[in-house]
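Working through the structure, step by step
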Amino acid sequence: MVHVPYYVRALVRSNEIWLTVLSSCVGVLAGLSVWIMTRATLMAHRVLYNLHNDGRLSGLATLAPWRCVLVPCLGGLVLGGFGLLVARRFRHRPVDPIEANALHGGRMSVRDSAIVAFQTFLSNGSGASLGLEAGFSQIAAALGSRCGAIFRVRRADMRILVGCGAGGAIGAAFNAPIAGAFYAFELVIGTYSLVNLAPVAVASISAVGIVRLLGGVTATVTLLPHESLGMRDSLPVMGLGILCGLVGIGVMRGVTIAELVFRKSHLPVWFRPCLGGLCVGCLALYSPSILSAGHAAVRKVLDGGLPLTTLLLLLLLKAVASAISIGSGFRGGLFFASLFLGVLSGSLFGHGLEALVATGLSVTTCAILGMSATAVAIIGVPMTMTCLILEMTADITLASAVLLSSVLSLLTVRRLFGYSFATWRFHQRGESIRSAVDIGWLRALTVGRMMRRDMTVFSPDTTIGEARLCCPLGAMPQVVLADAEGAYRGIVLVSDIYGPDHPPGRTLADLVQHEQIMLLPDMTCRDAARRFEEAEADALVVIADMASRRVIGLLSEKYVLRRYAEALDRTRRELAGETRA
């Protein structure tokens with residue numbers, strides 16, 4: 001990899017002003033990525049669905065049935081074939097921004113991310129019921145990671161640049177720089193601090209600025225004048241938040257069910273998107289609003305006039321179509337799809353509220369609040385959605401209600417489900433991460449890296465008298481027992497060897513401890529600490545594997561806890577900016 005000259009790298013590594021300048025470049029790249037992908041997708045919609053007057057696919061009133069069914073099906077077939085070629089050439093799985101920051105110190109592959117972005121374009125361009133936001137954030141975060149690699153920045157700064165890319169992409173996609181910055185803090189970096197504020201904010205502003213310059217700004221949502229919301233509206237707002245939380249849980253469960261159904265169908269992996277596209281196309285025969293992310297459909301619902309039955313059917317069909325799209329193998333995210341689902345849920349709640357009681361909450365206001373609450377339930381970013389709604393509507397009077405509904409939605413999901421969509425996907429793959437907080441250092445801090453290999457080893461047949469001659473009292477705390485093949489047979493404390501009740505003629509095998517308790521070299525620091533606690537031991541032996549039990553090292557509990565504390569303190573200092581020269 002080509003690196004910039006040393007003196008330039010030194011500026012970025014030692015001065016946060018220059019890191020902020022670099023982050024602005026990442027923001028520009030993020031904005032360009034958003035603009036290119038958006039324009040390419042709109043062009044694909046116009047060509048494949050024969051759109052006119054720059055119309056949006058999901059905003060159409062009618063669509064030719066044969067296009068509605070055939071285009072998603074053929075798009076799925078193309079996506080499946082492309083995925084088959086990629087799988088044959090590359091065996092590894094692409095790393096997304098959250099996983100990169102949590103486990104890999106922000107290192108991402110631009111090539112892998114470009115493949116994901118292209119698959120997202122194929123999916124959304126053919127009409128799959130998913131958004132482009134996952135592709136935006138993936139490629140933009142990878143470009144941020146590449147910039148960090150070119151400048152050889154520190155691990156903490158690399159993670160910030162990944163967040164700058166992803167946050168800039170979201171900010172540019174919605175013309176909402178504050179929401180983009182909070183997206184980076186909440187979802188991609190995992191924490192907020194003064195150190196990462198300037199780079200992330202500048203990156204988000206730069207991304208929005210470049211998209212505005214190119215003329216690709218998303219239209220804002222306008223609200224009719226409404227009454228100020230007061231304390232009397234708190235209870236309905238809380239009820240709406242809980243309802244949207246349940247809707248979000250239903251969507252995430254639906255994705256899991258769809259994946260299970262397609263997996264048990266035993267169809268070839270490359271053919272599943274074709275079948276999924278056929279299903280989505282059939283659902284979209286009811287309304288083209290089912291197709292794509294649903295930008296224009298949101299405006300159509302907010303304009304009002306749709307009957308309750310239509311709103312309910314759109315909610316059910318959109319949720320099913322999104323679950324089928326992901327479950328069958330289409331690439332994309334649920335960010336904007338969750339906004340559309342929230343508008344539908346909030347509209348239904350608003351109509352029901354109007355029929356029951358007189359309140360200051362109009363149907364449109366409930367739709368806006370539902371948009372935020374449902375997105376929080378699925379994506380798990382309450383401050384991001386609060387800022388996004390306020391920036392989209394330019395209505396500060398909604399602030400308290402948006403935040404309250406978002407918090408109630410988040411609490412509902414955390415209490416009943418426990419995961420956001422991103423962390424739920426990690427959980428299904430067997431990963432234990434719950435956020436982008438950096439735990440890669442903890443996994444890298446393995447027993448094999450911490451153990452020491454210099455230790456005193458005796459045969460179990462060695463007598464206590466012989467051991468006393470070789471091990472003066474105080475020279476070492478314990479000795480290890482191993483047979484002729486090097487297999488572990490236990491630990492003996494030197495203090496026990498010199499015990500007055502142990503005659504010199506006895507063997508060390510009579511004093512053995514922890515014969516069945518051992519450590520493996522690939523255990524993490526946390527696993528080792530747990531094993532020490534269970535064994536109530538000060539030191540344990542490390543063996544190569546359970547089959548041979550061959551002794552390869554020794555590790556003390558004191559050293560494990562010290563290394564763990566040092567790593568925690570280093571992370572704290574990085575968050576506070578104390579490590580920057």
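Fair warning: this is a prediction, and the values are worked out from it, not measured in the lab.

**Here we look at the UniProt feature "domain: CBS" (unreviewed entry) in the protein**
- Residues annotated in UniProt with the feature "domain: CBS" (unreviewed entry) correspond here to residues 512–570.
- For residues 512–570, helix accounts for 42% and strand for 19%, while the C-alpha atoms at its two ends are 38 Å apart.

**Observations regarding a nonpolar patch on the surface**
- Nonpolar side chains collect at one region of the surface, where Val28, Leu29, Leu32, Ile36, Leu213 and Leu214 lie side by side and expose about 480 Å² of accessible area between them.
- When residues of the nonpolar patch are traced back to their parent elements, those giving at least two are α2 (16–49) and α9 (194–214).
- Looking at the nonpolar patch, the element that brings in the most residues is α2, giving four residues.
- Along the polypeptide, Leu29 turns up in helix α2.
- Residue classification places Leu29 among the partly exposed positions, given a relative accessible area of 31%.

**Focus: the environment of Gly148**
- Looking at the element boundaries, Gly148 is found in helix α6 (residues 133–150).
- Gly148 sits in the buried class, given a relative accessible area of 0%.
- The sequence separation of Gly148 and Leu312 amounts to 164 residues, and the corresponding C-alpha distance is 47 Å.
- In contact with Gly148, not counting residues within four places along its chain, are Val153, Met158 and Leu161.

**Focus on the pairing of strand β5 (residues 551–556)**
- With five of its six residues buried, β5 lies for the most part within the structure.
- Pairing of strand β4 (residues 539–543) with β5, which is carried by five bridges, proceeds in the antiparallel orientation. Paired with Leu540 across the strands is Leu555, a residue of β5.

**A look at the confidence of the model for the protein**
- For the protein, the mean per-residue pLDDT works out to 86, and 93% of the residues sit at or above 70.
- Between the elements of the protein, mean pLDDT differs from a low of 68, seen in helix α19 (residues 440–444), to a high of 94, seen in helix α11 (residues 272–283).

**Topic: the packing of helix α3 (residues 65–89) against helix α5 (residues 110–125)**
- Contact pair α3 / α5: the axes reach a minimum separation of 10 Å and the direction vectors enclose 165°. The angle between the axes of α3 and α5 places the two elements in the roughly antiparallel class. Considering the relative orientation of α3 and α5, their crossing is left-handed. Taken together, the residues of α5 that come into contact with α3 (itself represented by Val78, Leu79, Phe82, Gly83 and Val86) are Ile115, Phe118, Gln119, Leu122 and Ser123.
- A per-class count over the contact of α3 with α5 returns seven nonpolar, three polar and no charged.

Definitions and limits used
- Residues numbered from 1 in each chain as written.
- Predicted model: local features only at pLDDT ≥ 70, side-chain atom pairs only at ≥ 80, totals over all residues.
- Heavy atoms only, no water.
- UniProt positions renumbered as here; feature names shortened; annotations may be inferred.
- Helix = DSSP H or I, 4+ residues; strand = E, 2+ residues; numbered from the N terminus.
- Patch = residues over 30% accessible without salt bridge, like charges linked within 9 Å, V, L, I, M, F, W, Y side chains within 5 Å.
- Areas by Shrake-Rupley, 256 points an atom, 1.4 Å probe, with all protein chains shown as cover.
- Salt bridge = Lys/Arg side-chain N within 4 Å of Asp/Glu carboxyl O.
- Buried < 20%, exposed > 50% of the residue type's maximum accessible area, 1.4 Å probe, protein only.
- Contact = heavy atoms within 4.5 Å.
- Pairing = 2+ DSSP bridges.
- pLDDT = per-residue confidence, 0-100.
- Axes fitted to C-alpha atoms, helices over the stretch in contact; angles between N-to-C directions.
- Parallel < 35°, antiparallel > 145°, perpendicular 65-115°, else oblique.
- Left-handed = near helix turned anticlockwise from the far one by under 90°.
- Nonpolar A, V, L, I, M, F, W, Y, C, P; charged D, E, K, R; others polar.

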